[in-house]
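Architecture at a glance
The lines below spell out each chain.
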Amino acid sequence: MMIGSQTEQSSNFKLLNKIKVPFKIFAKGDWATRLSFLIMGFGCFVRKQFIKGLLYFLAQVLFVFLCVFFISKYLPDLGTLGTVPIKRVWDEVEQVYINIQVDNSMLILLYSIVSIFIIFFFCVLYINSLKAAYNAQINSENGKKNNSFFDDIKSLLDDKFHTTLLTLPSIGVILFTILPLIFMILIAFTNYDSDHLPPAKLFDWVGLANFKELLWGSAQISSTFGRVLLWTMIWAFFATFTNYFAGMFLAIIINKKGIKFKAFWRTMFVMTIAVPQFVTLLTIRNVFANIGLINTWLQKLNIIDRAIPFFEKGWLARIMIIIINMWVGIPYTLLIVSGILMNIPQSLYESAKIDGASPFKMFVKITFPYVFFVTAPYLLTQFVGNINNFNVIYYLTAGGPKSLNYFFAGETDLLITWLYSLTSDKSNYKTASVIGIMVFLICSVFSLIAYNLTSSTKREEDYQA
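Residues numbered from 1 in each chain as written. Predicted model: local features only at pLDDT ≥ 70, side-chain atom pairs only at ≥ 80, totals over all residues. Heavy atoms only, no water.

Some points on the layout of surface pockets
Estimated volume of the largest pocket: approximately 1,300 Å³. Every residue lining the largest pocket is counted, 32 residues in all, and those nearest its centre are Tyr56, Leu125, Asn128, Leu156 and Thr163. When residues of the lining of the largest pocket are traced back to their parent elements, those giving at least two are α4 (50–74), α5 (105–141), α6 (149–156) and α7 (161–187). The element contributing the most residues to the lining of the largest pocket is α5, with twelve residues. Of the voids in this model, the second largest pocket is the one considered here, and its volume is about 740 Å³. If you trace the second largest pocket, you find 18 residues lining it, with Ile252, Asn255, Lys256, Lys257 and Tyr349 closest to the centre. Taken together, the residues that form the lining of the second largest pocket break down as nine nonpolar, three polar and six charged. (1 Å grid on protein atoms, 1.4 Å probe; cavity = no way out; pocket = protein on both sides within 12 Å on 5 of 7 lines; lining within 4 Å. Points joined across faces, edges and corners; volume = space filled by probe spheres on them. Helix = DSSP H or I, 4+ residues; strand = E, 2+ residues; numbered from the N terminus. Nonpolar A, V, L, I, M, F, W, Y, C, P; charged D, E, K, R; others polar.)

Considering the nonpolar core
Core analysis: the biggest nonpolar cluster contains 43 residues, and Leu214, Trp235, Ile324, Leu396, Leu415, Trp418 and Ile435 have the highest contact counts within it. With eight residues, the single largest contributor to this core is helix α18 (residues 429–453). Residues in contact with isoleucine 324, not counting those within four places in the same chain, are Leu281, Ile284, Phe311 and Leu396. Membership of the second largest hydrophobic core comes to 19 residues, among which are Cys44, Phe70, Phe122 and Ala132. (Core = buried A, V, L, I, M, F, W, Y, C linked by side-chain atoms within 4.5 Å. Buried < 20%, exposed > 50% of the residue type's maximum accessible area, 1.4 Å probe, protein only. Contact = heavy atoms within 4.5 Å.)

Regarding empty space enclosed by the protein
Scanning all chains against the criterion turns up one cavity of 30 Å³ or more. Approximately 30 Å³ is the volume found for the largest cavity. Lining the largest cavity are Thr240, Asn243, Tyr244, Thr333, Tyr378, Leu379 and Gln382. Elements represented by at least two residues in the lining of the largest cavity include exactly α9 (219–255) and α15 (359–387). Its residues assigned to classes, the lining of the largest cavity shows three nonpolar, four polar and no charged.

Side note on the pattern of salt bridges
Within this structure, the stated rule accounts for four salt bridges. For the salt bridge of lysine 402 with aspartate 413, the shortest nitrogen-to-oxygen distance reads 3.9 Å. Linking lysine 402 in the loop between α16 (390–396) and α17 (415–424) with aspartate 413 in the loop between α16 and α17, this pair joins segments that are eleven residues apart in sequence. Note on lysine 402: relative accessible area 54%, which makes it exposed. Using a relative accessible area of 1% as the deciding quantity, one classes aspartate 413 as buried. (Salt bridge = Lys/Arg side-chain N within 4 Å of Asp/Glu carboxyl O.)

Considering the packing of α7 against α18
One way to put it is that α7 packs onto α18 with a least axis distance of 7 Å and a crossing angle of 115°. Viewed along their axes, α7 and α18 form a crossing whose handedness is left-handed. Within the contact between the two elements, α7 uses Met184, Ile185 and Ile187 and α18 uses Tyr429, Lys430, Ser433 and Ile437. Considering only residue class, the contact of α7 with α18 consists of five nonpolar, one polar and one charged. (Axes fitted to C-alpha atoms, helices over the stretch in contact; angles between N-to-C directions. Left-handed = near helix turned anticlockwise from the far one by under 90°.)

In short, the description is geometric, and any link to function would need to be established separately.
Below, the structure is given as structure tokens:
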């Protein structure tokens with residue numbers, strides 16, 4: 001039996017078996033297969049799989065090259081993140097001191113993560129090369145022909161086509177999502193801020209000190225985190241459910257029998273989606289500014305003496321944000337619910353009417369359960385999305401009005417906009433990274449709990465008919 005063909009074992013047992021694979025290959029392999037432990041691709045090369053063997057060998061050469069000129073330069077310093085940032089050297093020619101960059105904590109951390117990834121993928125490739133050598137040995141012993149390089153290419157375009165399709169996206173996810181994510185998580189365990197800003201200075205590992213500072217170690221930071229977190233949850237709740245129920249209400253009215261020009265009403269509300277959201281938000285911000293359209297008209301009509309500070313009072317700015325968000329959010333719910341309403345069997349309503357049910361009771365017993373069942377995952381997605389809703393807050397108030405009671409934050413800042421301010425304005429990457437982790441934990445825990453409590457998950461088959 002060839003290595004790697006056992007598929008009916010538990011995951012732990014599989015992992016244990018994978019670890020044992022090299023030892024099994026070494027025990028059962030012949031001289032050519034065993035020599036593949038030192039020279040990758042040697043077993044394939046001996047069994048006339050020249051191109052495959054050569055590619056494995058070149059991968060080994062490349063890995064050795066990277067070890068010498070890249071991995072060995074950064075990975076050994078991962079524990080300290082550097083010791084000497086800049087060294088002053090006397091230049092005899094110019095007769096001046098010049099600064100030479102020695103260690104850069106950010107590059108050491110980033111390239112060390114890249115090095116670990118390179119080592120991991122080389123280990124995977126190394127084991128695959130051993131499997132290939134052993135499988136080639138088994139085929140030769142059984143009198144079977146080994147696949148040529150072109151046979152392997154043909155296989156990648158046929159029965160292994162899924163591997164070909166997924167390779168490039170997987171590389172993209174690793175490079176542009178997983179690697180930066182790990183880097184930012186590790187920043188939370190360092191003192192990377194404006195006082196330790198590379199390349200002039202180094203930062204170091206500080207363990208869980210940043211988490212302690214955010215949660216209870218610093219009165220101002222902890223207080224700001226608590227206030228911003230509370231407002232974030234309040235905002236997410238109202239931004240989600242006001243849009244949801246208002247959109248549902250409008251959809252029911254427009255789809256009601258007897259309403260004329262339904263297409264016109266739907267088009268009118270959907271027009272807000274066609275306009276870029278930031279354009280709408282910036283326009284509305286200017287309309288409600290102190291010298292904006294609303295205040296100017298109200299003053300000209302002698303309704304008010306002074307401009308209403310729509311975005312300068314904390315409580316008023318929060319109310320305005322929730323109301324304005326309805327304008328840009330309701331059309332999405334309107335479209336979704338309209339599609340669902342058209343698919344509710346009319347026989348349900350006719351039966352309810354025969355039984356004497358009122359319109360309100362039909363809504364409570366038929367319409368809402370049906371709509372909620374289908375839109376529960378959408379509702380959950382919207383709530384989590386509103387926790388991280390950067391655009392509405394940033395374009396309307398930029399987190400303001402600012403307050404001295406907050407640590408570099410404003411009264412309408414969400415966790416995500418506070419995080420942005422800390423990184424872009426204050427270079428406080430350590431606290432921002434901790435906030436990012438807290439946001440991720442909150443969203444993950446809430447999503448898992450809420451999703452498992454929804455009827456869409458519990459009674460998946462009920463509405464499939």
